Amino acid sequence: MPQVRANGVNLSYDSVGEGEPLVLVHGSWNDHHSWQPAIEADMRASFTVVSYDRRGHGQSETVPGRGTRRQDEDDLAALIEELGHAPAHVAGSSFGASAVLGLAARRPGLFRTITVHEPPLVGVVADDPESMAQLQPTFTSFDAALDHLRKGEDEQGARLFVEEVAMGPGMWDRLPAPIRETFVRHGQTWLDEQSDPSWAELDLEGLSACAVPVLLSRGTESPAWFATVLDRLAEALPNAQRQTFEGAGHIPHITHPQEYATVLTRFIRAASGDGSASGG
């Protein structure tokens, strides 16, 4: 994979297709390969698709010391600029979606459109008692997974996260071995992410200055508190749309790749105003 020096770190990336740039930002526990089903489904036919490994993931550089989501945001900004893709269409999933929105609150000019799926920004619903009650099982599972990882029990932590947070009971053994290995390999990076006291916060006032088209999506099988997070984001964003993936959960680009790719492509084409997502 080629690399780019961005924000003082070497980031590995892949670029396929042709047309306007679409940058994909993966979530925790995995790397750029998580986007491959959706890229192959439709995206590469419509865009120059850039999928990269966030710092500490995949083939990108791991920097010593505690990391922050702000660093991931600045990495994304530098990547877009170093590749000459500003402003770009950008899509993020989970923690990657949080990083996309955090950057958009500070530097909206880097974006043409934004698509985010279920950012775990629990800080924006901290004042909502119902959401916090819904979150208690998730917090309990987080703590249990973190305890495993602090003890070096990376596989146990990964299994718990997959089955109690991300995908549901019994799913660990149903995952292909390479995907299980990817989860285990990135356990300590997730532990590092969770050590950032601001990982779940967002500047909603700053985000309100981002006027580009934004698509906020969730899956019907995901916890209800994600919908409340998206409600708060929709209130802050002046140009937001909503999308629900029926029968999907936290990773529709993997479980429902054709539908995800079709929805994203349609959204960007409509936002372009000319019915086409290509042409630079």
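Our subject is the structure listed above.
The model shown is predicted, which means the values in this text are computed figures rather than measured ones.

*Asks:* Any chance you could explain the side chain of Thr182 here in plain terms?
*Replies:* Relative to the helices and strands, Thr182 resides in helix H7 (residues 177-185). Given a relative accessible area of 14%, Thr182 falls into the buried group. Only 3.0 Å separates the side chain of Thr182 from the backbone oxygen of Pro178, close enough to count as a polar contact. In contact with Thr182, not counting residues within four places along its chain, are Trp29, Asn30 and Asp31.

*Asks:* Is there a simple way to think about the packing of aromatic side chains in this case?
*Replies:* Two aromatic rings are characterised by how far apart their centres lie and by the angle between their planes. Enumeration over the complete set of coordinates arrives at 11 aromatic pairs. Relative to Trp199, the ring of Phe142 lies with its centre 6.1 Å away and its plane at 35°, an arrangement referred to as tilted. One end of the pair, Phe142, is in helix H4 (residues 129-150); the other, Trp199, is in the loop between helix H8 (187-194) and helix H9 (204-207), and 57 residues separate them in sequence. Each member of the aromatic cluster is reached from another via a ring pair, and the members are Trp29, Phe142, Phe161, Trp172, Phe183, Trp190 and Trp199.

*Asks:* Can you walk me through the pattern of salt bridges in this structure?
*Replies:* Two side chains with opposite charge may pair up if their charged atoms get near one another. Taken as a whole and judged by the stated rule, the model has 15 salt bridges. Between Arg54 and Glu193 there is a salt bridge, with its nearest N and O atoms 3.0 Å apart. With a gap of 139 residues between them, Arg54 in the loop between strand S4 (48-52) and helix H2 (69-82) and Glu193 in helix H8 connect regions that are remote in the sequence. Arg54 gets classed as buried once you look at its relative accessible area, which sits at 1%. Of the charged contacts in the structure, one is a salt bridge between Arg55 and Asp75, with a shortest N-O distance of 2.6 Å. You can see Arg55 sitting in the loop between S4 and H2 and its partner Asp75 sitting in helix H2, a full 20 residues away along the chain. Through salt bridges with shared partners, a single network forms among Arg69, Arg70, Glu73, Asp74 and Arg106.

Rules used throughout
Every chain is numbered independently, its residues counted from 1 as its sequence is written. Residue-level local features of this predicted model are given only where pLDDT is at least 70; pairs of side-chain atoms are given and counted only at 80 or more, and the full residue set underlies all totals for whole chains, interfaces and linings. Think of the side-chain values as coming from all heavy atoms in the structure, minus any hydrogens and water. Only DSSP runs of H or I covering at least 4 residues are called helices, and only runs of E covering at least 2 are called strands; the numbering of each starts at the N terminus. Exposure classes here rest on a 1.4 Å probe applied to the protein chains alone. A residue is buried below 20% of its type maximum, exposed above 50%, and partly exposed in between. Counting of polar contacts relies on pairs of N or O atoms within 3.5 Å, with two restrictions inside protein: one atom must be capable of donating a hydrogen and the other of accepting it, and residues adjacent in sequence are counted only when both atoms are side-chain atoms. Any two residues having at least one pair of non-hydrogen atoms within 4.5 Å are treated as being in contact. Aromatic rings from Phe, Tyr and Trp, with only the six-membered ring used for Trp, were paired whenever their centres fell within 6.5 Å, and each pair was classed as stacked if the ring planes differed by under 30 degrees, edge-to-face if by over 60, and tilted otherwise. Any Lys or Arg side-chain nitrogen located within 4 Å of an Asp or Glu carboxyl oxygen qualifies as a salt bridge.

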